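# Structural overview
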Amino acid sequence: MVTTKGERRKAAIVAAAQRILVVDGLDAISHRRVAGQAGVPLGATTYYFTDLHDLRRAAVDALAAADLTRMERVAAELSAQTGSVADTARVITELLTPEHDDELVAWYERYARAAREPLFATAARRINEAARSHVATVLRAAGLDELPPDVVLAIVDGAVLGALAAGDDDPRSVAAGALACVLTGGDGSAA
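### Some remarks on the overall build of the chain
- Scanning the chain for helices and strands turns up nine helices and zero strands.
- Each helix and strand of the chain, ordered N terminal to C terminal, gives the series α-α-α-α-α-α-α-α-α.
- Counting every position in the chain, which comprises 191 residues, the buried fraction comes to 45%.
- Looking at the chain alone, contacts between residues at least 24 apart form 64% of all its contacts between residues at least 6 apart.
- Roughly 9,700 Å² of accessible area belongs to the chain as shown, and the carbon and sulfur atoms make up 53% of that amount.

### Examining the nonpolar core
- Residues I13, I29, I92 and V156 are the most contacted members of the largest nonpolar core, which totals 59 residues.
- Excluding its chain neighbours within four sequence positions, the residues that come into contact with I13 are V34, A38, V40, A44, T45, Y48, F49 and L55.

### Some words on the layout of surface pockets
- Reported here for the largest pocket is a volume of approximately 350 Å³.
- If you list the elements that add at least two residues to the lining of the largest pocket, you get α1 (4–24), α4 (52–78) and α6 (101–114).
- Take the lining of the largest pocket: its biggest share by element is eight residues, from α4.
- Partitioned by chemical class, the residues of the lining of the largest pocket number eight nonpolar, three polar and ten charged.

### Considering a negative patch on the surface
- Among the surface-exposed residues, E99, D101, D102, E103, D168, D169 and D170 lie close enough to one another that they form a single negatively charged patch.
- Inspection of the secondary structure puts D101 in helix α6.
- Given a relative accessible area of 54%, D101 falls into the exposed group.

Thresholds, definitions, all that
- Residues numbered from 1 in each chain as written.
- Predicted model: local features only at pLDDT ≥ 70, side-chain atom pairs only at ≥ 80, totals over all residues.
- Heavy atoms only, no water.
- Helix = DSSP H or I, 4+ residues; strand = E, 2+ residues; numbered from the N terminus.
- Buried < 20%, exposed > 50% of the residue type's maximum accessible area, 1.4 Å probe, protein only.
- Contact = heavy atoms within 4.5 Å.
- Areas by Shrake-Rupley, 256 points an atom, 1.4 Å probe, with all protein chains shown as cover.
- Core = buried A, V, L, I, M, F, W, Y, C linked by side-chain atoms within 4.5 Å.
- 1 Å grid on protein atoms, 1.4 Å probe; cavity = no way out; pocket = protein on both sides within 12 Å on 5 of 7 lines; lining within 4 Å.
- Points joined across faces, edges and corners; volume = space filled by probe spheres on them.
- Nonpolar A, V, L, I, M, F, W, Y, C, P; charged D, E, K, R; others polar.
- Patch = residues over 30% accessible without salt bridge, like charges linked within 9 Å, V, L, I, M, F, W, Y side chains within 5 Å.
- Salt bridge = Lys/Arg side-chain N within 4 Å of Asp/Glu carboxyl O.
- Lys, Arg positive; Asp, Glu negative; His and termini not counted.
- Charge placed at Lys NZ, Arg CZ, Asp CG, Glu CD.

Right, dumping it as structure tokens:
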């Protein structure tokens, strides 16, 4: 039976692993590094997690849960704020992309790895399902529901990845601009 102290220690270990995942990626998660960042003895990581895979899974699941919570919060706050097409594009981009650079890179890193790493695949499917649902809600509220949510996700993801690869300082704005262009039929009048 895990005690309250044990639950706090396990939560600290998962939070440390999650931070490492965001900043340095999945391969950077090790028992030693996580224990050091969590401020717990090395043996604590193996007490609560059967192996490194189990620890990494906990970090991925915690990050996915945080992404889903963020999306719920943003959807609740912003779906009523859609007005112009540009506003709708901004809302959807905020919904689909984490705000901080490290989190944004980690978000797309996880998606790319999901194709080969089962550890990420389940979390990616859960996040995509929620994303499609929230995007559909925002599009309906804006009267733009003729565009399928999967197409919107592809536009935002492609624009963000292109902007990240190009070293753009604001990939979210690039994505919002690309989405607004598509939502207006390519005439750019929403910008």
